[in-house]
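# Structural features, examined
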Amino acid sequence: MMLLGKLSDLLLLSLSDKPILHKKQSSLALMFDAFSIQSEMNLDEPDDLVLAYTQSMMGFLLFKRNPNKIGMIGLGGGSLAKFCYRHLPESAIAVAEIDRQVIDLRDQFFVPEDDERFNVACMDGAEFVRHADAEFDVLLVDGFDNNGQPPQLCSQQFYQDCYKALTPNGVMVVNLLGGDLWQTNIYINRMRNSFGGSVIMINALDSLNMIAFAAKGDAMNLDREILQRRMMRLTMLHPVILRATAQRILAAQKAINVRRKNILVG
């Protein structure tokens, strides 16, 4: 692990194969290279969600307000894990992180210690879901390495295993890099194959990432008025974040319903 304090120090990234901590005046970031931030923490409010894509991923609360168990692939700086641990006190959280060096940084990011409802395991995310059977109400997939998304975390078999790992009406949320639309569309089609077409895509807030929501059963087949009422309640949890994300989800769902209606009419 290297702690970098100046932007010029980022040149050292090319000389290291270890996770990098980059400290600024009010934040601490986890980086794997000089071009992208994997996770970032507000030092004054360590449980806040700083990066836009993490804020967008919490949109699953529209569909699963009180999940009994949440599975996560990718710990990073623990942003999603800490947010869920704090704001969803009834939820058990299991995290799979393949890089032991990342797990070793958990204290730097104030990630909670393992307890009766929180556990971090050093294991491949693909193995994590392969051995789960109708276990998770929500599955958050945010696994990256130096080269981007590992092949085993975006294969057709992986999404099949994710589907199996969810409880009836469970929801999977996947963070996708939006820079390569051709490759991203391949992943989206694989999700649709595994989840019977029940997939909603939104652009992450203020970033190039795209967030996919895939449902098992009827989890996302909710009346628009119900979703709007939930959106109003969720904004009390994190007003700016969840209102903007919820609005994008509602717009995406409306577009899907219009397409379905047109197909039926045609």
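Everything in this summary refers to the structure shown in the same document.

About the cut-offs
- In this numbering scheme, every chain counts its residues from 1 along its sequence in written order.
- Since the coordinates come from a predicted model, pLDDT governs what is reported: local features require at least 70, and pairs of side-chain atoms require 80 or more to be given and counted, while whole-chain, interface and lining totals use all residues.
- As a convention, hydrogens and water are excluded, and side-chain values are obtained from all of the structure's heavy atoms.
- For each structure, a 1 Å grid was placed over the protein atoms alone; sets of points admitting a 1.4 Å probe that cannot get out are labelled cavities, open sets with protein on both sides within 12 Å along at least five of seven lines are labelled pockets, and lining residues have an atom within 4 Å of a point.
- Grid points are joined across faces, edges and corners, and a volume is the space filled by probe spheres set on the points.
- When residues are grouped by polarity, Ala, Val, Leu, Ile, Met, Phe, Trp, Tyr, Cys and Pro land in nonpolar, Asp, Glu, Lys and Arg in charged, and all others, Gly among them, in polar.
- Whether two strands pair comes down to DSSP finding at least two bridges between them.
- Segments assigned H or I by DSSP are reported as helices when at least four residues long, segments assigned E as strands when at least two residues long, and all are numbered from the N terminus.
- Fitted lines through C-alpha atoms serve as axes, helices being fitted only where they are in contact, and the angles separating the N-to-C directions of these axes extend from 0 to 180 degrees.
- Take the buried Ala, Val, Leu, Ile, Met, Phe, Trp, Tyr and Cys residues and link them wherever side-chain atoms come within 4.5 Å; each set so joined is a nonpolar core.
- Per-residue accessibility, obtained with a 1.4 Å probe over protein chains only, is compared with the maximum for each type, and a residue is labelled buried under 20%, exposed over 50%, and partly exposed between these values.
- In what follows, a contact means two residues having at least one pair of non-hydrogen atoms within 4.5 Å.
- For classification purposes, an angle smaller than 35 degrees is called roughly parallel, one larger than 145 roughly antiparallel, one from 65 to 115 roughly perpendicular, and anything else oblique.
- Rotating anticlockwise by less than a right angle from the far helix to the near helix defines a left-handed crossing, while the corresponding clockwise rotation defines a right-handed one.
- Any Phe, Tyr or Trp ring, taking Trp's six-membered ring, that has another such ring centre within 6.5 Å forms a pair; planes under 30 degrees apart are called stacked, those over 60 apart edge-to-face, and the others tilted.
- Charges are assigned to positions over rings by a cutoff of 6 Å between ring centre and Lys NZ or Arg CZ, combined with an angular limit of 35 degrees from the ring normal.
- One less than the residue count of a helix, multiplied by 1.5 Å, gives the span that helix is expected to have.
- Arc definition: it is the arc formed by the directions from the helix axis to the C-beta atoms.

## Some words on empty space enclosed by the protein
In this approach, a probe sized like a water molecule rolls over the atoms, and the result shows the empty space that is left. Summed over all chains, the structure comprises two cavities of 30 Å³ or more. If you go around the largest cavity, the residues you meet are Val-141, Asp-142, Gly-143, Phe-144, Gln-149, Leu-153, Cys-154, Val-174 and Asn-175. Looking at side-chain class alone, the lining of the largest cavity contains five nonpolar, three polar and one charged residues.

## A short note on the sheet that holds strand 5 (residues 69-73)
As summarised here, the arrangement of the seven strands in space is 7-6-5-8-9-11-10, forming an open sheet in which the pairing is mixed. In this open sheet, the two strands that pair with only one neighbour each are strand 7 (118-122) and strand 10 (199-203). Neighbour to neighbour, the strand axes of the sheet diverge by 15 degrees on average, direction disregarded. Where strand 5 lies against strand 6 (residues 92-97), five bridges are found, and the strand directions are parallel.

## Thoughts on the nonpolar core
By size, the foremost hydrophobic cluster in this structure holds 50 residues, and its most contacted members are Phe-60, Ile-70, Met-72, Leu-140 and Phe-213. If we ignore the near neighbours within four places in the chain, the residues touching Ile-70 are Phe-60, Cys-84, Leu-88, Ser-91, Ala-92, Ile-93, Ala-94, Phe-136, Val-138 and Leu-140. One finds Ala-94, Phe-136, Tyr-159 and Ala-214 within the second-largest nonpolar core, a separate group that totals 29 residues.

## A look at the packing of helix 5 (residues 156-165) against helix 6 (residues 181-195)
Running from N to C, helix 5 and helix 6 cross one another at 40 degrees; their axes reach a closest spacing of 9 Å. The angle between helix 5 and helix 6 places the two elements in the oblique class. Note on packing geometry: the crossing formed by helix 5 with helix 6 is right-handed. Contacts from Gln-156, Tyr-159, Gln-160, Cys-162 and Tyr-163 of helix 5 reach helix 6 at Tyr-187, Arg-190, Met-191, Asn-193, Ser-194 and Phe-195. Residue composition of the contact of helix 5 with helix 6, by class: six nonpolar, four polar and one charged.

## Description of helix 2 (residues 79-87)
Of the positions making up helix 2, those classed as buried are Ser-79, Leu-80, Ala-81, Lys-82, Phe-83 and Cys-84. Here the buried face of helix 2 lies against strand 4 (37-42), helix 1 (52-57), strand 5, strand 6, strand 7 and strand 8 (136-141).

## Looking at the packing of aromatic side chains
In this description, a pair of aromatic rings is defined by centroid distance and the angle of the planes. Across all of its chains, the model carries five aromatic pairs by this definition. An angle of 75 degrees between the planes, with centres 5.2 Å apart, marks the rings of Tyr-163 and Phe-195 as edge-to-face. Residue Tyr-163 is found in helix 5, and its partner Phe-195 is found in helix 6; the two are separated by 32 residues along the sequence. In this structure, Lys-216 is placed above the aromatic ring of Tyr-163, and the distance from its NZ or CZ to the ring centre is 4.9 Å.

## Focus on helix 6
Along an α-helix, residues three or four apart share an orientation, since each turn contains 3.6 residues. When the terminal C-alpha atoms of helix 6 are compared, their 20 Å separation across 15 residues agrees well with the 21 Å that a helix rising 1.5 Å per residue should span. Taken together, the buried positions of helix 6 are occupied by Thr-184, Tyr-187, Ile-188, Met-191, Ser-194 and Phe-195. What you see down the axis of helix 6 is that its buried residues fit within an arc of 125 degrees, all on one side. When the buried face of helix 6 is taken as reference, the exposed residues oriented beyond 90 degrees from it are Trp-182 and Asn-193. Turning to helix 6, the residues buried within the fold contact helix 5, strand 9 (166-176), strand 10 and strand 11 (210-215). Directly after helix 6, the chain includes Gly-196, whose backbone phi takes a positive value near 65 degrees.

## Some words on the environment of Gly-125
Mapped onto the secondary structure, Gly-125 falls in helix 4 (residues 125-130). What makes Gly-125 buried here is its relative accessible area of 4%. Note: C-alpha distance between Gly-125 and Gly-143 (18 residues apart in sequence) is 7.6 Å.

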